[in-house]
Amino acid sequence: MAAEPVVSTQSSPSHRSVVRTTAAWLGGNRLGLVVMAFVVGAGAGLGAALFREMVFGATWLVTGHDQFGQQGHAASTHLPGLGIWFVLIVPVLGGLLYGPLIYRFAREARGHGVPEVMLAVAENGGRIRLQVTIVKALASAITIGVGGSVGREGPIVQIGSALASTLGQLVRMSESRLRIIVACGAAGGIAATFNAPLTGLFFGFEIVLREFSLDALVATSLAAVTGDLVSRAIFGSAPFFAQIPHGLSVTNDTTYLLVAVLAVLAGLIGIGFKTFLYWLEDFVDELWKGRPEWARPAVGGIALGALLLAVPQMYGVGYPVMNNVISGHVVVGLILLFLVSKVLATSLTLSIGGSGGVFAPSLFIGAMAGMAFGTLVHSLFGSAVGPPALYAIVAMGGVFAAAAQAPLTAIASVAEMTANFGITLPIILTCGIAAAVSKYISYGSVYTTKLLRRGIDIERPKTTNVLRTLTVADAMQPVSRSAAAARLDGAQDVESDRTGVTDQQWERLAGTVTDTRQPQELFSDETLEHALRQLALYGPSGLPVLSDDREHVQGWITRHNILDVLTKTVQSSEQSIEHGALAADFGADDPSLLAHRSSTSLTGYEIVEITVGANSPALGRRIDEISWPPGCLVVAVTERDAPVTSSTDTILRDGKRVLLLAPVGPRTLPQDPISAPTR
């Protein structure tokens, strides 16, 4: 009989070891971050291309066209018997598909998606559930395909970020690097969607990550370039808005004055868009209160269908309509109708529970406003002030800059997507003014307002930045009223290092002089970061805080005052941190079960906490006198939540708590837990 072949069992452990080593290198090495950026960028690029085809496919299944709306009141070639009335039916049917899909599998996929990514980065360490990728892609493709007037960029950001988060968690990246790699997913997706790598880079930094570091800059740049290269290989290298006039330029300085006026208008329109969006969402919430959420898109689809029946140009994303308008083929009255209708259609789509972005609608609204403005000034001042298309392009960036409060992303997007780098100056002027107007009038962007409504302010000063956000006035102790009333004019012109009082006179008055030094000026509106630097260099026992006119002492500040403020800030931030974690996991049935569950746990170990009581056998013993189970390590001893030294000779007294890092699994306790002291 032939011998049975011997199967080696050594390869499996070796294989697992290689996988663990590779994952550890990718997750913890700086070069590993670079490799992950390339992988995530390529994945986001492929995801963007696939999602784009999904949207075209869904639209074709319903209308018989890859893109629909620019035809006006046209029938679907697949539903010819219904005529134009098909737009009244398909939003309802689509809602019956994506409504239950979102509600059952990933509630984060509802809406425009970017706020959920921002929240995951700011409050949840960059962790996003994998199933969000699939649900968001399907729900958004259906929403747009059946006429939802939303953009593709929100879903792309959420898809790319969820993919990046999943890969980062697989290789057990630290939270700081996981947040960076999530921003890489967003950057790669945006770059691939619009053939605009700079836009992807700024979107990842300015909107998603919201902080700057060299590692993040390198990784995000690589992901954006990689995503764009993937998109170019599939769709070509033409500008995204290839039909919009190129080579525009400013030939008259008067144009800049008109652009500045348009920038203010764009800022107000951006604020109005954001305000109406959330007002309508509140209104629909109130109407739908107590009814099943999964059915909301289907019922709301009736209202959306009625709007599309009246203005079919609002069907889907609307890029072909934008091209027609900016090319000068639409009259001003119809342009203004498109502007108002887009605000209503996008707000309605999102309010009824649809899935899609607000970036494209912002560009659409800006193009309509700019084209109407440009047509007006062109008729008033002639061709010297430039063609209407110039104003349409700069207003595209202005409205988005105001709505998102992200001027850098707006500047890059308009210049890259239209290939009009010759009008960079008016684009910068418009986006800067519009964003400033928005910031001055309204707190929160179209993205962050969605989170503010859940009680989460990701723009609040973080504990790590508190030294730069709090001022000396927040920490100083006020001086007595009589001292504050005294003016500092008695020795202003005296050029001496000492006062006129001798050491002996001070000793007879109060005590021995132990030190004298030149005081350093501090003012109440300076940051604690600056104050701490001055205290470390010039004021070991404190420094005076002067009034702005340098004539009065307002207070006295010490390092102890700063530590007190930091302690209070850390304590107050604990509740907001937990609240943020709950909001980030709102898609789960019970987020409170996940808030304190470790996402990157130390496998094979658990933390054991033992409280020493009056009857404890360890009472009065030293740590090294206890026969702890094999593999257990005493990591800390605390008393009333305050740390106590955990050296081997620490005495365990009543009320102290011992924290051990212990291996998971069965452990055998020694027969005699109290051993002889080690000398």
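Use the structure listed above.
Residues numbered from 1 in each chain as written. Predicted model: local features only at pLDDT ≥ 70, side-chain atom pairs only at ≥ 80, totals over all residues. Heavy atoms only, no water.

Caption draft 1: Quick look at the packing of helix H10 (residues 254-288) against helix H14 (residues 359-381). Orientation of H10 relative to H14, taken along the N-to-C sense of each, is 145°, at an axis distance of 10 Å. Judged by the sense of rotation from one axis to the other, the crossing of H10 with H14 is right-handed. Between H10 and H14, the residues in contact are Leu 258, Val 261, Leu 262, Leu 265, Ile 269 and Phe 273 and Pro 361, Ser 362, Ile 365, Ala 369, Gly 370, Phe 373, Val 377 and Phe 381, respectively. (Axes fitted to C-alpha atoms, helices over the stretch in contact; angles between N-to-C directions. Helix = DSSP H or I, 4+ residues; strand = E, 2+ residues; numbered from the N terminus. Left-handed = near helix turned anticlockwise from the far one by under 90°. Contact = heavy atoms within 4.5 Å.)

Caption draft 2: Geometry of the environment of Ala 410. Secondary-structure assignment places Ala 410 in helix H16 (residues 407-418). When near neighbours in sequence (up to four residues on either side) are disregarded, Ala 410 contacts Gly 397, Phe 400, Ala 401 and Cys 431.

Caption draft 3: Representation of the pairing of strand E3 (residues 543-546). Bridge analysis of strand E2 (residues 522-523) against E3 gives 2 bridges, and the strand direction is parallel. Paired with Leu 522 across the bridge in E3 is Val 545. Where E3 meets strand E4 (residues 553-557), 4 bridges bridge the pair, whose relative direction is antiparallel. Looking across to E4, one finds that Val 545 is bridged to Gly 555. (Pairing = 2+ DSSP bridges.)

Caption draft 4: Up close: the nonpolar core. The biggest cluster of nonpolar side chains holds 143 residues, and the ones touching the most others in it are Ile 181, Phe 241, Met 322, Phe 338, Met 368, Tyr 391 and Tyr 447. No other element matches helix H15 (residues 388-404), which puts 14 residues into this core. With residues up to four places along the chain from it excluded, the contact list for Ile 181 reads Leu 33, Met 36, Ala 37, Val 40, Ala 164 and Met 173. One finds Val 472, Leu 522, Ala 531 and Leu 535 within the second-largest nonpolar core, a separate group that totals 13 residues. (Core = buried A, V, L, I, M, F, W, Y, C linked by side-chain atoms within 4.5 Å. Buried < 20%, exposed > 50% of the residue type's maximum accessible area, 1.4 Å probe, protein only.)

Caption draft 5: Representation of the packing of aromatic side chains in the model. By the definition in use, this model includes 13 aromatic pairs. Arranged with centres 5.6 Å apart and planes meeting at 75°, the rings of Phe 68 and Phe 86 form a pair that is edge-to-face. With Phe 68 in the loop between helix H2 (30-63) and helix H3 (86-105) and Phe 86 in helix H3, this pair connects stretches of sequence that are 18 residues apart. Here Phe 68 falls in the buried class, since its relative accessible area comes to 5%. When its relative accessible area of 0% is taken as the criterion, Phe 86 is described as buried. (Phe/Tyr/Trp six-rings, centres within 6.5 Å; stacked < 30°, edge-to-face > 60°.)

Distances and angles like these do not, on their own, reveal function.
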